Amino acid sequence: MTLALADLSMPATPELLKSLGLSLGLGLLVGLQREWAQNGNAGIRTFALITVFGALSGLLGIASGAWTIAAGFIGLTSIVVLGHLAELKRKDPDLGLTTEVAMLVMFATGVAAMLGHRVESVIVAGGVMVLLHSKDPLHDMVARIGRNDLREIARLVLLGLVILPLLPNREMGFFGVLNPFSIWLMVTLIVGMSLTAYLVGKFVDGKKGAVLTGVLGGMISSTATTASLARRSREEGSGGILLAVVVTIASTVVFVRVTVEVAVAAPGQAKELLPPLLAMMAWCSLVGAVLYRFSSKSGLAFAGDKAPSELRSAIVFGLLYAAVLVVVAAAREYLGESGLYLAALLSGLTDMDAITLSTAKLVGSGHIESDTGWRMILVGGLANLVFKGGMAALLGTGDFVRPLLCGFGAMLAGGVGILLLWP
């Protein structure tokens, strides 16, 4: 519920002093950075005074109305404009407006602190300080982004921030499993993961970039990561074995995510459910480490020479993803839910989160045994590996597919061993 200024009461003296003290501290923090940067327009004292002025304007706003805050903001803006005009008359004027805009932001931060939004004020001031201090890295990053890179970033923005919110987020179509929002989200993830992998490889040293991309891919979507990197493997000099390492790491992180979800969804049964899943995670980590070791001997770089354009292949995968959802739904409809392992296998083809959370909740509620529960989750994970392996073989090239299938084969062998031999 949002409160208007008229609904707020005058803060008690301790609360008033806290807000004023916080405003002073935040102003000193941002002013310290400006002073260190040897900015001639405003330094540590000026920013402290501006933020306290904002807090006092907020206090007057509570007492007399919002017009006092607006008057204070207009007054400060006038001072900032006059100061910038004076700067322009110098022999070598600083044409930037960063400091001036930061002054206005810190005024508003002081107002917010007085109105009770202290946590938000701290976050904003901290972000402003970091942003001001990151001038050189940010400018260097922009300088290294080319026209084609910017075009791909704009395309991702179009897919994820313009088209995606417009799509209906509900199930429809065959068996009620086709969700336009979810399907287009997978398309967006593929394009996003492909662009992320390219940018990480561009800004981070080769092997480190591969590891970071794999971790991010596993946290977001290992399936989307597999699809995007399989398509990328067709580019000349892409380093197929390194791309296979990224997919292997992403697939390992999936099991990390699974163990966290089980611990959250069924904490009382974690001791029974987690050990075999942790063993699978450890085995996948070992396979990934071995594959990474082989890739270190190849001397290949991870970054590509140009930004990838993944829209066409991403849409193809989106259609494939929708087809798999329909096949899974049809199998459940006609085969029934009696075959738990079959249901887990079918669910795991496209989504590990659904089978993990649903199974953990069933175990937690006592509907199925823990021994059956972890096996269902593991079967879903193995099915997911098979699906990604088949997709990689369909979309990728031999230099990428061969090491990846070797890694996936070892993972599958370990998973089957855990299923059969775990007591």
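The structure presented is a predicted model; accordingly, all values stated were derived computationally and were not measured.

What follows is about the packing of aromatic side chains. A full pass over the atoms with the stated rule returns three aromatic pairs. When the ring of Phe53 is compared with that of Phe107, the centres are 5.4 Å apart and the planes differ by 55 degrees; the resulting orientation is tilted. Of this pair, Phe53 sits in helix H2 (residues 44-64) while Phe107 sits in helix H4 (residues 98-114); the two residues are 54 residues apart in sequence, bridging distant segments of the chain. Overall, the relative accessible area of 1% leaves Phe107 in the buried class.

Here the focus is the nonpolar core. Grouped together as the largest cluster of nonpolar side chains are 44 residues, with contacts concentrated most on Val258, Val262, Met280, Leu378, Phe400, Leu404 and Met411. Sorting the residues of this core by element identifies helix H10 (222-232), helix H11 (240-265), helix H12 (270-296), helix H15 (352-364), helix H16 (370-395) and helix H17 (398-421) as the ones contributing at least two each. With 11 residues, the top contributor of residues to this core is H11. Leave out the neighbours within four places in its chain, and Val258 touches Leu277, Met352, Thr356 and Ile377. Grouped together as the second largest cluster of nonpolar side chains are 16 residues, Phe47, Ile50, Leu76 and Val128 included.

Time to look at helix H7 (residues 147-163). Here H7 is 17 residues long and its end C-alpha atoms lie 23 Å apart, about the 24 Å a rise of 1.5 Å per residue gives. Restricting attention to buried positions, one finds in H7 the residues Asp149, Glu152, Leu159 and Gly160.

Turning our attention to the confidence of the model for the protein chain. Counting all residues, the mean pLDDT for the protein chain is 81, and 83% of those residues have values of 70 or more. Considering each helix and strand of the protein chain separately, the mean pLDDT is smallest for helix H13 (residues 311-335), with a value of 67, and largest for H17, with 93.

What counts, and where the lines are drawn
Every chain begins its residue count from 1, and numbering advances along the sequence as written. Only residues with pLDDT of at least 70 are given local features in this predicted model, and only at 80 or more are side-chain atom pairs given and counted; all residues enter the totals for whole chains, interfaces and linings. Side-chain calculation: all heavy atoms of the structure are included, whereas hydrogens and water are not. Here a pair means two rings of Phe, Tyr or Trp (six-membered ring of Trp) with centres within 6.5 Å. Their orientation is stacked below 30 degrees between planes, edge-to-face above 60, and tilted elsewhere. Each helix is a run of H or I in the DSSP string that is no shorter than four residues. Each strand is a run of E no shorter than two, and both are numbered from the N terminus. Each residue is placed in one exposure class: buried if its accessible area under a 1.4 Å probe, protein chains only, is under 20% of its type's maximum, exposed if it is over 50%, and partly exposed if it falls in between. Here the nonpolar core consists of buried residues drawn from Ala, Val, Leu, Ile, Met, Phe, Trp, Tyr and Cys, with membership extended through side-chain atoms lying within 4.5 Å. Between two residues, a contact is recorded if the distance between any of their heavy atoms is within 4.5 Å. Helix span, as expected, comes to 1.5 Å for every residue beyond the first. The predictor's confidence in any single residue is recorded as pLDDT, a number from 0 to 100.

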